[in-house]
Structures are given as C-alpha cells and as structure tokens.
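Examination of the molecular architecture
What follows is each chain in one-letter form.
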Amino acid sequence: MNELIERISICVERGKVNKTSPYPKDLAGQDGADELTRQALDSNLGPDSILQACNVGMMKIGERFGRNEVFVPELLMAAKAMNAVMAHLKPFFKAGTVKAKGKFLLGTVAGDLHDIGKNLVSMVVEGNGWQVIDLGVDVKPGKFIEKIKENPDCIVGLSALLTTTMASMSKTVKEIKEQFPNIKIIVGGAPLSHKAAEQMGADGYAPDPQGAVEFLNEFIAA
Ligand code: B1M
C-alpha cells in the first residue's frame, strides 16, 4: 500500500482528524486525515484508493469495538476523521449534470444514527446525475411519507447499520408500500442482504453506492 494511503487509513482508525487535533495523544502535532488526503490528491492518488483506505480504517476500528477494546467515543473520532477525508473527496463524486435522471429520497431509518455510508451513497448517486433529497438520520416512516407526498415521482433509499434497526427499516418499507404501492424502494447497509430486502418487501438491495446507482438507472425518468 502507498505510504500516504496507509497513513490515511491509520488516521481514520485512530480518529486523527487534522494536525491541530489533540487526539490521539501519541499523534499530536502530526498531519491528520485532512492534510494527508490533500497530499494524496495532490500526488494524483485516486479518490477510490483513498476511500478504500478509509473503509479499511473503519473496518479495523469496528472490529476493535466488537472486541470491547475501544468504545463509542473512539468510533465517533473515527467518524470525524472519515468526514474530514470525505470533505476532500466530495467534489470528485459530485460531477455536475444538466438534467437530473430522477429524484432519490434517501435517509437512515428511525433509531439509526450511522450516516457515513448513507452520505457516500448520496454523493455517488448525485454524481451519477440524480437529484438526491437527503433526509438525514433517524428518519421516522412518517417523514418519508410526507416527503413522498411532495415528490410522488421519487425512488426511495433506506440505509441501516444496526441489526436492531432492520426492524425499523422493515416497518418503514411496509408503511410506505401501504400508502404508495408503486413507489420503488431500495435498501442498503452492512446488516442487509438480498434476502432481507425481499422479506421486507423492498424492490432492491445494494451492497454499495454503485449498486444503488445501477438499481436507480433502471428507472430513469423519461
Ligand atoms: Co456504530 N456500530 N454504533 N457507530 N459503528 C457498527 C455498525 C457496529 C458493526 C460496530 C461493531 O460492533 N463492530 C455495531 C453494529 C452491530 C450490529 O448491530 N450488528 C455498532 C453499534 C453496536 C453501535 C452502537 C449501538 C454503540 C453503542 O452505543 N453501544 C451505537 C448505535 C447508535 C445509533 O445508531 N442509534 C453506534 C454508534 C456509532 C457512532 C455514532 C459512534 C459512529 C457513527 C457515526 C456516523 O455515522 N456519523 C459509529 C461507527 C463509526 C461505526 C462503525 C465503526 C463504522 C460505520 C461506518 O461508517 N462504516 C461500524 C463498524 C463497521 O462498519 N466496521 C459500527 C463505513 C461506511 C462507509 O460503511 O456504513 O457500511 P457503511 O456503508 C456502506 C455500505 O453498507 C453501503 O454503502 C456504503 C459505502 O460502501 N450502504 C448502502 C449503506 N447504506 C446504503 C444504502 C443503499 C445502498 C448501499 O441504498 C439505499
């Protein structure tokens, strides 16, 4: 792995946001995710390899959390560091297009606060020419329904990262489908699968942002 890329991965895992951030103590005064991402882009390292490095960092901190070696504050710092990287990568994903292919109503379901993956989906989908209406995190079914009423031609995307919020996702799909049987819904997030999506009554599942784009592109507005 390229040295800069490896350092970005470590910064995400350790939650080192930028040079001035005092956390973690042993990296004080060193470049953080912010500076290293800038340097990587200036050295013509691709956004995809930088993103991949972030995912490795996130995976490692997640595994350590699973082993009770770190706790929620460490996860939060990792998320902050990843957001610092994403701020640099955003322009690469948000290539402007003239006419939107359609509307994509996106949110993390009720009870779930994880938004990094959802934000990536948002950027990539928007970069592929869709208008994204991002409702944020902890979005109750009623909020989705209110927004579908305002945007009856939209496709809905639901994200969940917790096994516990898969139930909330299922409830959201059910409530939307009861009122709007023709609205297409795609679900995604680490605990999901094609089978889980099918059981909830969703129309599609994507393991990553590109999969969401492929699903959406089947329904390009005329
Ligand atoms: Co939490 N967390 N977390 N967390 N967290 C996980 C998910 C966990 C797996 C960690 C672990 O135990 N190893 C675990 C879930 C276990 C489970 O349910 N199976 C967990 C837990 C338990 C919790 C808390 C309950 C901890 C606690 O309080 N005791 C708590 C819950 C809070 C809540 O939501 N109510 C909690 C809190 C947090 C923080 C707030 C501290 C922070 C989130 C900050 C933020 O998002 N702004 C956090 C983090 C950072 C993580 C990990 C470490 C990283 C998640 C992440 O951002 N990954 C995570 C462990 C892990 O994933 N390795 C963990 C990077 C991101 C790019 O990937 O989100 O998977 P991901 O998104 C991917 C795909 O899933 C897909 O595309 C994305 C890009 O490739 N995708 C879609 C996502 N949505 C999609 C939608 C689509 C299509 C594709 O179409 C619509």
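So, here is what we can say about the structure in this document. (Residues numbered from 1 in each chain as written. Predicted model: local features only at pLDDT ≥ 70, side-chain atom pairs only at ≥ 80, totals over all residues. Heavy atoms only, no water.)

1. What about the coordination of the cobalt atom of the ligand?
- The protein gives the cobalt atom of the ligand a lone donor atom, His114 (NE2), placed 2.3 Å from the metal.
- Structurally, histidine 114 is set in the loop between strand 1 (103-108) and helix 5 (116-127). (Donors = N, O, S within 2.8 Å, 3.2 Å for Na, K, Ca; no water. Helix = DSSP H or I, 4+ residues; strand = E, 2+ residues; numbered from the N terminus.)

2. What to know about the site of the ligand
- Near the ligand lie 33 residues; those nearest to it are Gly62, Leu113, His114, Asp115 and Ser159.
- In the environment of the ligand, an oxygen atom lies 3.3 Å from a nitrogen or oxygen atom belonging to the backbone of alanine 190.
- Of all the secondary-structure elements, those providing two or more residues to the shell around the ligand are helix 3 (47-66), helix 4 (72-93), helix 5, strand 3 (155-159) and strand 4 (185-188).
- In terms of residues, the shell around the ligand owes the most to one element, helix 3, which gives six residues.
- Taken together, the residues of the shell around the ligand break down into 19 nonpolar, eleven polar and three charged.
- Looking at the shell around the ligand, you find at least three residues from each of domain 1 (3-95) and domain 2 (103-219). (Near = heavy atom within 4 Å. Polar contact = N/O pair within 3.5 Å; in protein donor to acceptor, adjacent residues only side chain to side chain. Nonpolar A, V, L, I, M, F, W, Y, C, P; charged D, E, K, R; others polar. Domains from an automatic or database assignment.)

3. Focus on the packing of aromatic side chains
- Tallied over the entire structure, the rule returns one aromatic pair.
- Residues phenylalanine 215 and phenylalanine 219 carry aromatic rings whose centres are separated by 5.2 Å and whose planes lie at 55° to one another, so their mutual orientation is tilted.
- Residue phenylalanine 215 is classed as buried on the basis of its relative accessible area, which comes to 10%. (Phe/Tyr/Trp six-rings, centres within 6.5 Å; stacked < 30°, edge-to-face > 60°. Buried < 20%, exposed > 50% of the residue type's maximum accessible area, 1.4 Å probe, protein only.)

By themselves, these are just geometric observations and shouldn't be taken as functional.
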